[in-house]
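Residues per chain, in single letters:
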Amino acid sequence: MRVPLSWLREYVDLPAGETGRDVQAKLVAAGLEVETVEQLGAGLKGPLVVGQVLAIEELEGFKKPIRYCQVDVGQAGGTGEPQNIVCGARNFAVGDKVVVVLPGAELPGGFAISARKTYGKTSEGMICSASELGMSDDHDGIIVLPPEYEVGTDAIELLELVDEVLDIAVTPDRGYCLSMRGVARETATAYELPLRDPALLDVPAPNSHGYPVKVTDPVGCDRFTARTVTGLDPEAHSPIWLQRRLQKAGMRPVSLAVDVTNYVMLELGQPLHAYDRSRITGAIGVRRAGPGEKLTTLDGTQRVLDAEDLVITDETGPIGLAGVMGGANTEIADTAADPESGQVAGTTEVVIEAAHFAPVSVARTARRHKLSSEASRRFERGVDPEATSAAAQRTVDLLVLLAGGTAEVGVTEIISPSAPHTITLPADHPDKVAGVSYGRETVVRRLQQIGCDVYGADDLTVTVPSWRPDLTDPNDLAEEVIRLEGYENLPSTLPRLPAGRGLTERQRLHRRVGRALAGAGYVEALNYPFLGEDVLDQFGLAADDPRRGLVRLVNPLSDTEPALRTTLLPGLLGALRRNVGRGEHDLALFETGLVFRATGDEPPAAVLPVDRRPTDEQIAGLDAALPHQPRRAAVVLAGDREQAGWWGKGTPVSWADAVEAGRTVAREAGAELIVRQDQQDPWHPGRCAALLAVVDGEEILVGNAGELHPRVTKALGLPERTCAMEIELDRLEQAGAGRVEAPHVSTFPVATQDVALVVDASVPAAEVETALREGAGELLESLRLFDVFIGEQLGEGRKSLAYALRFRAPDRTLTAEEIAASRDAAVSAAAGRTGATLRGA
């Protein structure tokens, strides 16, 4: 909403020296978003006057038509003699009044005017267009003024070229500020000055002589006022002051009748429409559109109407979209002269519509037809329903005054009965919300300033004004009191935290995992929890795979991803692909979050009551209807894990990095991870590991890691040898030892022993490792597989596994005998469990 300061002063007696910046500060403090204050006419300096064209000489021999004009500017030129001016515009004739800027003046933008020679003539100034004066973007021609203005009159004052305009971003809950009346009310409250309400007009009572109107949908239209003005002068034009106010407010002058309705809309906030009475057939009606009906709106577009569209009709059918835009078949006719008779034809009788339409209905119609208008913007945000009569009267008064019309005595007014909205508010409620003691008197005074009627002592009964449909509950009223008292006056206090136990163990694990993966070089990538079935096909999942148990959304954001994810990998791999496409090649991404696994056995969710709290049984039924939602962690890797440089070649990522990521997550849960070879889609069958953990003495699968199948990387457009890991955090938490404690650092030395064991090629390294741990006993601090060897020396189907065993005691230095005994016990346990033999023995 653009608000000229000069117009605002008509309703509020602001201090004489108050600038637009001062008003902006006051309104911002009151909660309005004043984005800018535009300085109109900045740098403009006269003489800029009204001139009359005395003679025109057409100059020939140039690429474009040029005219040499003699213009009378009165005494403005200093000599009283006419000025000779070169001009290229052709929309004026001898005798017309124009705007002339003379030498010594300066136009907006620092454009200085001086006498200069051009096209072989000396031009003593310039005849101005609207764009050159900063009035509008109209470049079509120069300004032609009405003939009543006297030659030599100061055009700066006449055209109101110097002004300040506040540009306000009106939020949806403050629709009343889409009018001068609403902004003036806020300004008057901010300055604590009286308001001259432009809607306080003497309005005649409705009678039976008005234009016939029939409203068949009182829900969509609860108020309709119709007035008729006859005898309009078709040659009457909008006066300059009216045009300038429209231009400053961001609207383009069109014709007198249209300009008047736009002006009243800006002034009072009530959209209006003027119909050419000669083009209306029968009574005006308000109803929902019928099937197959069509309407050509004022923008020249033929629209197929929907059954939910609220339309204005006459006996021929729809003549307008209610609250959005009128129809082309009843628009105000352009003024035109008959070439034979010379008589001027145009609209001489108008029917004025001022109605109140349901905000939801208007909003849906505007969006359905992709047709946003100044009227629909206001109706969507809420228009004062009690302003229709005043707006219609104001329009009638202006048409009578400016176009010489006559107001018919008939007044049509249809009103659906409704009671004013009241709210019960404890007098100290704003105090409790703000944490500040305002007191009852302040609360009552502030509520009365916004137009409320307030009664009561400790419990206030507040009647909300008709122009504030956004005030619906006590908190809305508390907000009004707080904003008017000043948000800047609220003390800065920290909220008092309720007693609690902090994060749960599940939440702590989730955070620890994220920090550990970030510390290992992974970057977190948060993805939408949606997927399409095509990505599961690209993964090569079998028809009975649990990951195909999708939970489909009724209203998905994208038709291509209509289901909740059953695995984290599609989102992560999509992020990996996008980054590779943007030139990144060495990537390590991770994500933690929920997946959704439907079993098909979930009962349908019941519809809960809205008038009372659901019972425990009903809430339990809702929980039972939810799919299983395990929390998972996943990583994806591509490119080099360690980049190449002067120190040597880089190290590409491998399945081992994905497995190590799983171990990193397991360590944060305090769980011991068991790694075995596996075959699982979408991983490579020979480079896939099963990640297992022990829960209640039983090994359970908690995830998989490895290199993706080449078929999958090709289908998804991923780099070759892309690796991934996905693991379930909830099961790891069950397998963990509870809270992870900091390790004890021993002051005693460590003893390292290496053993190389020869086993059958089919024996998993994890099984050998388990046996070594069990046999070594408590003195074993850690063990690590550092070499795998397969060769002819070992025999066919045999492999050598070399382990580094670290022994340490917490309270003493180990003896050679203790170390040897622990080592031999470990080897013996591995031999007994896996058939291992010491290499070289």
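Our subject is the structure that appears above.
Spatially, the three strands line up as an open sheet ordered β27-β29-β28, and their pairing is antiparallel. Pairing within the sheet leaves two strands with one partner each, and these edge strands are β27 (422–426) and β28 (453–455). With direction set aside, neighbouring strand axes in the sheet form an average angle of 25°. Lying over the sheet, helix α11 (residues 440–449) contacts β27, β28 and β29 (459–463), oriented at roughly 5° with respect to β29. This element, helix α12 (residues 474–485), spans β27 and β29 of the sheet and lies at about 70° to β27.

Here we take up the packing of helix α2 (residues 20–29) against helix α4 (residues 180–191). Remark: α2 packs on α4, axes separated minimally by 9 Å, with the N-to-C direction vectors making an angle of 90°. As the angle between them shows, α2 and α4 are arranged roughly perpendicular. Contact with α2, carried on its side by D22, V23, K26 and L27, involves V183, E186, T187, A190 and Y191 of α4 and no other residues of that element. By residue class, the composition of the contact of α2 with α4 is five nonpolar, one polar and three charged.

On to the side chain of K97, then. Checked against the element boundaries, K97 lands in strand β6 (residues 97–101). Despite being buried, K97 has no salt bridge partner; E148 is the closest side chain of opposite charge, sitting 7.6 Å away. Side-chain polar atoms of K97 contact the backbone oxygen of P147, separated by 2.9 Å. Excluding its chain neighbours within four sequence positions, the residues that come into contact with K97 are V50, G51, Q52, I143, V144, L145, P146, P147, Y149 and V151.

Inspection of the secondary structure assignment puts D163 in strand β13 (residues 163–169). There is a polar contact of 2.9 Å between the side chain of D163 and the side chain of K248. Once residues lying within four places of it in the same chain are set aside, the contact partners of D163 are P4, L5, S6, E38, Q39, L40 and K248.

Calculation rules
- Residues numbered from 1 in each chain as written.
- Predicted model: local features only at pLDDT ≥ 70, side-chain atom pairs only at ≥ 80, totals over all residues.
- Heavy atoms only, no water.
- Pairing = 2+ DSSP bridges.
- Helix = DSSP H or I, 4+ residues; strand = E, 2+ residues; numbered from the N terminus.
- Axes fitted to C-alpha atoms, helices over the stretch in contact; angles between N-to-C directions.
- Contact = heavy atoms within 4.5 Å.
- Parallel < 35°, antiparallel > 145°, perpendicular 65-115°, else oblique.
- Nonpolar A, V, L, I, M, F, W, Y, C, P; charged D, E, K, R; others polar.
- Buried < 20%, exposed > 50% of the residue type's maximum accessible area, 1.4 Å probe, protein only.
- Lys, Arg positive; Asp, Glu negative; His and termini not counted.
- Salt bridge = Lys/Arg side-chain N within 4 Å of Asp/Glu carboxyl O.
- Polar contact = N/O pair within 3.5 Å; in protein donor to acceptor, adjacent residues only side chain to side chain.

The analysis is restricted to geometry; functional conclusions fall outside its scope.
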